[in-house]
Amino acid sequence: HALDKGVIDSNPVNGVTKSLVFEVSNEVRGFSDVELEAIFSSPIYTANYKPQIADYGEAHYWVPLILYYTGARAEEIAQLYVEDVLLGESVPHFLISNNRDDQRTKNGLDRRVPIHQHLLDLGITEYVAGLGASGRLFPKLNPTKDNKYHYALGRWIGDYFRGVLKLDRENLKPLHDFRHRFATNCRSVGFREDTQYAITGHAPGNVGRGYGYHTLEVMQEAINQMPRCCVSTVVSAG
């Protein structure tokens, strides 16, 4: 601008700029089809397999399924209360919030996530009905000192995936990889990006996408397009 206006005779930084090079990571993000087949056809879902020492109730059964069908963060699901599972609404959904002292969301915002029909078919309604009306959804998950309910369960699931299922991929993230896979599935079935972000709690990509809101009906229609995992038999995890 100064050169164009004649304020200076030459551009003092001419030639010192360089093109930016962006490296694309080849890191695997999210479970592959083969890994999902191994997980959801494993003894947890076919033979009532449970931790041999620790007792997580039915969390080891339901948490991976819910993560697969919501793309939520593990702690967002582990911290839920029974009252956060609104099965009697016209669109059954999870309320993910920081309404209680032991709940938090990454961006501090509440969101509602419809419950995939497969979770209903597998008996989540019956599971919730068997709990106290005001208790936690997974009452046997004990928090760490900083109120992280998923931590011990995540360690056990990691050991189970690596040790029993032989999923030994170097960059395996046993619970978070469900979130990555959800994003992959969203692209595969043609989700609008803003609908995906509304479900997963990601910040919109630009200001315009943050305008308005997504109805539960729209999100329910989108979520029910997600491909069903291979769990087909209702097996009590308790």
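Residues numbered from 1 in each chain as written. Predicted model: local features only at pLDDT ≥ 70, side-chain atom pairs only at ≥ 80, totals over all residues. Heavy atoms only, no water.

## Brief notes about the overall build of the protein chain
Part 1 of the reasoning: From N to C terminus, the protein chain includes 10 helices and three strands.
Part 2 of the reasoning: Element order for the protein chain, N to C, with α for helix and β for strand: α-α-α-α-β-β-β-α-α-α-α-α-α.
Part 3 of the reasoning: Counting the 238 residues in the protein chain, one finds 44% classified as buried.
Part 4 of the reasoning: Looking at the protein chain alone, contacts between residues at least 24 apart form 67% of all its contacts between residues at least 6 apart.
Part 5 of the reasoning: When the accessible surface of the protein chain is totalled, it reaches about 13300 Å², and 51% of it is carbon and sulfur. (Helix = DSSP H or I, 4+ residues; strand = E, 2+ residues; numbered from the N terminus. Buried < 20%, exposed > 50% of the residue type's maximum accessible area, 1.4 Å probe, protein only. Contact = heavy atoms within 4.5 Å. Areas by Shrake-Rupley, 256 points an atom, 1.4 Å probe, with all protein chains shown as cover.)

## Side note on the nonpolar core
Part 1 of the reasoning: Judged by nonpolar contacts, the single largest core of 58 residues is most densely connected at Phe40, Trp62, Leu65, Phe138 and Phe161.
Part 2 of the reasoning: By residue number, the principal contributor to this core is helix 3 (residues 59-70), which donates nine residues.
Part 3 of the reasoning: Leave out the neighbours within four places in its chain, and Phe40 touches Tyr45, Pro64, Leu65, Tyr68, Phe178, Cys229, Cys230 and Val231. (Core = buried A, V, L, I, M, F, W, Y, C linked by side-chain atoms within 4.5 Å.)

## A word on the packing of aromatic side chains
Two aromatic rings, taken as a pair, are described by how far apart their centres are and by the angle between their planes.
Part 1 of the reasoning: Under the definition given, this model contains 15 aromatic pairs.
Part 2 of the reasoning: Ring geometry for Trp156 against Tyr160: centres 5.2 Å apart, planes inclined by 15°, an arrangement best described as stacked. With Trp156 and Tyr160 both in helix 7 (residues 151-164), this residue pair falls four residues apart, about one helical turn.
Part 3 of the reasoning: A relative accessible area of 16% places Trp156 in the buried class.
Part 4 of the reasoning: Just above the ring of Tyr149 sits the side chain of Arg136; from NZ or CZ to the centre is 3.8 Å. (Phe/Tyr/Trp six-rings, centres within 6.5 Å; stacked < 30°, edge-to-face > 60°. Lys NZ or Arg CZ within 6 Å of the ring centre and 35° of its normal.)

## Re the side chain of Asp84
Part 1 of the reasoning: Mapping Asp84 onto the fold places it in the loop between helix 4 (74-78) and strand 1 (85-86).
Part 2 of the reasoning: With a relative accessible area of 3%, Asp84 lands in the buried category.
Part 3 of the reasoning: Among the polar contacts listed, one links the side chain of Asp84 to the side chain of Arg100, at a separation of 3.2 Å.
Part 4 of the reasoning: Residue contacts for Asp84: discarding those within four places in its chain leaves His93, Phe94, Leu95, Arg100 and Gln103. (Polar contact = N/O pair within 3.5 Å; in protein donor to acceptor, adjacent residues only side chain to side chain.)

## As for the sheet that holds strand 3 (residues 111-114)
Part 1 of the reasoning: Strand order in the open sheet made by the three strands is 1-2-3, with antiparallel pairing throughout. Unpaired on one side and paired on the other, strand 1 and strand 3 mark the two borders of the sheet.
Part 2 of the reasoning: Across four bridges, the pairing between strand 2 (residues 93-96) and strand 3 is antiparallel. The partner of Ile96 across the bridge, within strand 3, is Arg111.
Part 3 of the reasoning: Across the face of the sheet, helix 10 (residues 216-223) comes into contact with strand 2 and strand 3 while running at roughly 45° to strand 3. (Pairing = 2+ DSSP bridges. Axes fitted to C-alpha atoms, helices over the stretch in contact; angles between N-to-C directions.)

## A look at helix 8 (residues 176-189)
Part 1 of the reasoning: Given a rise of 1.5 Å per residue, 14 residues ought to cover 20 Å, and the 21 Å separating the end C-alpha atoms of helix 8 matches this to within 8%.
Part 2 of the reasoning: Considered for burial, the residues of helix 8 that qualify are Asp177, Phe178, Arg179, Arg181, Phe182, Ala183, Asn185 and Cys186.
Part 3 of the reasoning: Residues of helix 8 that are buried sit in contact with helix 1 (33-40), helix 3, helix 7 and helix 9 (193-200).
Part 4 of the reasoning: A positive backbone phi angle near 85° is found at Gly190, which sits one or two residues after helix 8. (Expected span 1.5 Å × (residues − 1).)

## Structural notes on the pairing of strand 2
Regular strands place their side chains on alternate faces of the sheet.
Part 1 of the reasoning: Residues His93 and Leu95 of strand 2 are buried on one face, and the alternating residues Phe94 and Ile96, pointing to the opposite face, are buried as well.
Part 2 of the reasoning: Examined bridge by bridge, strand 1 and strand 2 share two bridges and lie antiparallel to one another. Considered in strand 2, the bridge of Val85 is made with Phe94.
Part 3 of the reasoning: Hairpin connection between strand 1 and strand 2: a loop of six residues separates the two successive antiparallel strands.

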